[in-house]
Amino acid sequence: MFIATVVTVAIVPLLPRIAERFAIGPVQTGALLAAPNFAMVVVSIPAGLVADRVGPRAATQMSAILLSVATIAEALVHSFAPLLAVRLLIGVASGVAWTTGLAWLADAEGDDGQHGPLAATATSGGAGLVAGPAVGALIGRPLGVGAPFLILGIVAAIIAAALLLVERGEYVGIATAKTKTRLVALRSAWREAALVSAASALVLSALTSGTINLLAPLELHAAGVSAQTIGLALSAAAGLYIIASAIVVRFSRRLIALSTLAIVLLAMATALIPATLSVSAVAVAGTVMMHAPLRGTVATISYPLGAAHAGHVDLGSGAAMGLLNGVWATAGVIGPLLAGALAQIASPRLAFALLAGGSVLTGI
């Protein structure tokens, strides 16, 4: 999970150099950044269904191999079209890994209330979001834009080799190979309140995250805040995300519950109040800092909560994780687009206000 996230975001600080090198404009550059998320939207649910049919172990191993091959290929391409294709393959590998890997952990944990490893994937993902741009910048600037991906591809290959050595074992968790695997089985998910709640929380978290990531830097820049300070603020917020996620993992038995998720959603609405009332630097920075640990908590709780209740409607853990990843990735794509449209048509404050209202309603 960590290396898949690092590979996806390591390109961020290198995008200006890539745009100059390949002579591409903002639209093409944006496509390179969005391609993995788009691929995750497409593959998450099918990957979960495949995992329930053939087992999550084999699917996760194949995703690791694809990730290593695609990442090394990213270091070697020399034009826009192949690079875009490679970024889509990285998104496919990441989407499969984030679905089947979670299903593998859910099956391994069983139904004994031990959700630490599954919850910890959110912590790993948060750490990857912090490490990825740093790896891209520290290696890519002195050695060239392809160097970070060559090194990351080798690391991914080592991880893939390690995964191939994992013994098959038996699935002892809430989902087995006998559970429903057809697409129609997903209809039963809407009868399970905990699974719907987890999906709703992830949607709100992704929408808010996309809104903040787009509007916060723009508003801070407009307020006269330097790029270095903005970067420092976003890094500090990512650190708070990781800390909150780690705390939930540490106390997973007590905190992974619907009641906790409801409280966090109501707190998310409170965190959005400053940016709803004002787009001053202090208000926007306050929202960024307060929202980050709450988002980390939502991500850490939602996946194990959904996995624990998927069996109540005879839904495989692979399909459940695919559903959660699918709605999260879709909201991640829609969030920045919707926020940009609202900011252009009306005001950034309206975008934050609508999200605060959605958080209150869902929390209730």
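These numbers were taken from a predicted model, which means no experiment stands behind them. Each chain carries its own residue numbering, running from 1 in the direction its sequence is written. Thresholds applied to this predicted model are a pLDDT of at least 70 for local features of residues and 80 or more for the giving and counting of side-chain atom pairs; totals over whole chains, interfaces and linings are not thresholded and use all residues. Calculation of side-chain values draws on the structure's entire complement of heavy atoms; hydrogens and water are dropped beforehand.

**A look at the overall build of the protein**
In step 1: Within the protein one finds 15 helices and zero strands.
In step 2: Relative to a compact globule of 364 residues, whose C-alpha radius of gyration would be 21 Å, the protein shows 20 Å and is just as compact.
In step 3: Expressed along its principal axes, the backbone C-alpha trace of the protein runs to roughly 60 × 50 × 35 Å.
In step 4: Burial here depends on accessible area, computed with a 1.4 Å probe over protein chains only, as a share of the maximum for the residue type. Under 20% is buried, over 50% is exposed, and the range in between is partly exposed. Split into buried and exposed, the 364 residues of the protein put 51% on the buried side.
In step 5: The contact criterion used throughout is that any non-hydrogen atoms of two residues lie within 4.5 Å. Of the contacts formed within the protein by residues at least 6 apart in sequence, a portion of 85% connects residues at least 24 apart.
In step 6: What sets the accessible areas is the Shrake-Rupley method with a 1.4 Å probe; for residues, cover comes only from the shown protein chains. Split by element, the accessible area of the protein, about 15600 Å² in all, is 70% carbon and sulfur. By the criteria applied, helices consist of DSSP H or I runs no shorter than four residues and strands consist of E runs no shorter than two, each listed in order from the N terminus. Throughout, radius of gyration means the C-alpha value; the globule benchmark is 2.2 Å times the number of residues raised to the power 0.38.

**A word on the nonpolar core**
In step 1: What is meant by a nonpolar core is a set of buried Ala, Val, Leu, Ile, Met, Phe, Trp, Tyr and Cys residues, joined one to another through side-chain atoms within 4.5 Å. Membership of the largest hydrophobic core comes to 61 residues, with the highest contact counts inside it found for Ile18, Leu67, Val298, Met321 and Leu324.
In step 2: Here this core takes eight residues from helix H5 (residues 80-109), the largest share from any one element.
In step 3: When near neighbours in sequence (up to four residues on either side) are disregarded, Ile18 contacts Ile11, Ile24, Leu32, Leu83 and Val145.
In step 4: Listed in part, the 22 residues of the second largest apolar core include Leu272, Val284, Leu342 and Ala351.

**Considering the packing of helix H11 (residues 258-271) against helix H13 (residues 281-310)**
In step 1: Taken N-terminus to C-terminus, the directions of H11 and H13 make an angle of 160 degrees; their axes are 9 Å apart at the nearest point. Relative to H13, H11 is oriented roughly antiparallel. Handedness of the crossing formed by H11 with H13: left-handed. Of H13, the residues touching H11 (which contributes Leu258, Thr260, Leu261, Val264, Ala267, Met268 and Ala271) are Thr287, Met290, His291, Leu294, Thr297, Val298, Ile301, Ser302 and Leu305. Axis geometry follows a simple rule: fit a line to the C-alpha atoms, using only the stretch in contact for helices, then measure angles between N-to-C directions, giving values from 0 to 180 degrees. Roughly parallel covers angles under 35 degrees, roughly antiparallel covers those over 145, roughly perpendicular covers 65 to 115, and oblique covers all other angles. What makes a crossing left-handed is the near helix being turned counterclockwise from the far one by less than a right angle; a clockwise turn instead makes it right-handed.

**Overview of empty space enclosed by the protein**
In this approach the atoms are scanned with a rolling probe the size of a water molecule, which exposes any empty space left behind.
In step 1: Here a cavity denotes grid points, spaced 1 Å and computed from the protein atoms alone, that fit a 1.4 Å probe unable to get out, and a pocket denotes an open set having protein on both sides within 12 Å along at least 5 of 7 lines; residues with an atom within 4 Å of a point are the lining. Grid points are joined across faces, edges and corners, and a volume is the space filled by probe spheres set on the points. Counted by the stated rule, this structure contains three cavities of 30 Å³ or more.
In step 2: Here the largest cavity is characterised by a volume of approximately 80 Å³.
In step 3: If you trace the largest cavity, you find it lined by Ile18, Arg21, Phe22, Glu74, Ala75, Val77, Leu83, Val145, Gly146 and Phe149.
In step 4: When residues of the lining of the largest cavity are traced back to their parent elements, those giving at least two are helix H2 (15-22) and helix H4 (56-76).
In step 5: In terms of residue count, the dominant contributor to the lining of the largest cavity is H2 (three residues).
In step 6: Classification used: nonpolar for Ala, Val, Leu, Ile, Met, Phe, Trp, Tyr, Cys and Pro, charged for Asp, Glu, Lys and Arg, polar for all others including Gly. Of the residues contributing to the lining of the largest cavity, the split by class is seven nonpolar, one polar and two charged.

**Digging into the packing of H11 against helix H15 (residues 348-363)**
In step 1: Interaxial distance between H11 and H15 falls to 8 Å at its minimum, and their mutual angle equals 160 degrees. Of the possible angle classes, the one that applies to H11 and H15 is roughly antiparallel. Along this stretch, H11 crosses H15, giving a crossing that reads as left-handed. Of H15, the residues touching H11 (which contributes Ala262, Leu265, Leu266, Met268 and Ala269) are Ala356, Ser359, Val360, Thr362 and Gly363.

**A word on the layout of surface pockets**
In step 1: In this structure, the second largest pocket spans a volume of roughly 250 Å³.
In step 2: Around the second largest pocket, the lining comprises 16 residues; the ones closest to its centre are Met1, Thr60, Ala97, Ile159 and Leu163.
In step 3: Only helix H1 (2-9), H4, H5 and helix H7 (147-164) provide two or more residues apiece to the lining of the second largest pocket.
In step 4: Among the residues forming the lining of the second largest pocket, the class breakdown is 13 nonpolar, three polar and no charged.

**Considering unusual backbone geometry**
In step 1: Despite not being glycine, Ala23 shows a phi value in the positive range, around 55 degrees.
In step 2: You can see Ala23 is positioned in the loop between H2 and helix H3 (26-54).

**Examining the side chain of Ser302**
In step 1: Here Ser302 shows up in helix H13.
In step 2: What qualifies as a polar contact is a pair of N or O atoms within 3.5 Å, subject to a donor-acceptor requirement within protein and to the restriction that residues adjacent in sequence count only when both atoms come from side chains. Of note is the side chain of Ser302, whose polar atom sits 2.7 Å from the backbone oxygen of Val298.
In step 3: Once you skip the residues sitting within four places of it in the chain, Ser302 turns out to touch Ala198, Ala201, Leu202, Leu261 and Leu324.

**Considering the environment of Asp107**
In step 1: Structurally, the position occupied by Asp107 is in helix H5.
In step 2: Considering only alpha carbons, one finds Asp107 and Gly316, 209 residues apart in sequence, at a separation of 9.4 Å.

**Some thoughts on the pattern of salt bridges**
In step 1: We count a salt bridge whenever a side-chain nitrogen from Lys or Arg sits within 4 Å of a carboxyl oxygen from Asp or Glu. Under the defined criterion, the tally for this structure stands at one salt bridge.
In step 2: The salt bridge partner of Arg87 is Glu74, with a shortest N-O separation of 3.5 Å. Linking Arg87 in helix H5 with Glu74 in helix H4, this pair joins segments that are 13 residues apart in sequence. Per residue, the accessibility class of Arg87 equals that of Glu74, and both read buried.

**Remarks on the confidence of the model for the protein**
In step 1: Known as pLDDT, the predictor's confidence for each residue is given on a scale from 0 to 100. Mean pLDDT over the protein works out to 84, with 90% of the residues at or above the 70 mark.
In step 2: Here helix H14 (residues 317-345) stands out as the element of the protein with the lowest mean pLDDT, 83, in contrast to H7, whose mean of 95 is the highest.
In step 3: In the model, residues 171-181 has pLDDT below 50 throughout and makes 31 contacts with residues more than four positions away in sequence or in other chains.

**Quick notes on H14**
In step 1: To estimate how far a helix should extend, the number of its residues minus one is multiplied by 1.5 Å. With 29 residues, H14 ought to run about 42 Å at 1.5 Å a step, and its terminal C-alpha atoms sit 41 Å apart, in line with that.
In step 2: The quantity called bend is, for any residue, the angle between two axes fitted respectively to the seven residues ending at it and the seven beginning at it. Its axis deflected by about 30 degrees at Ile334, H14 carries its strongest bend there, up to four residues before the proline Pro336.

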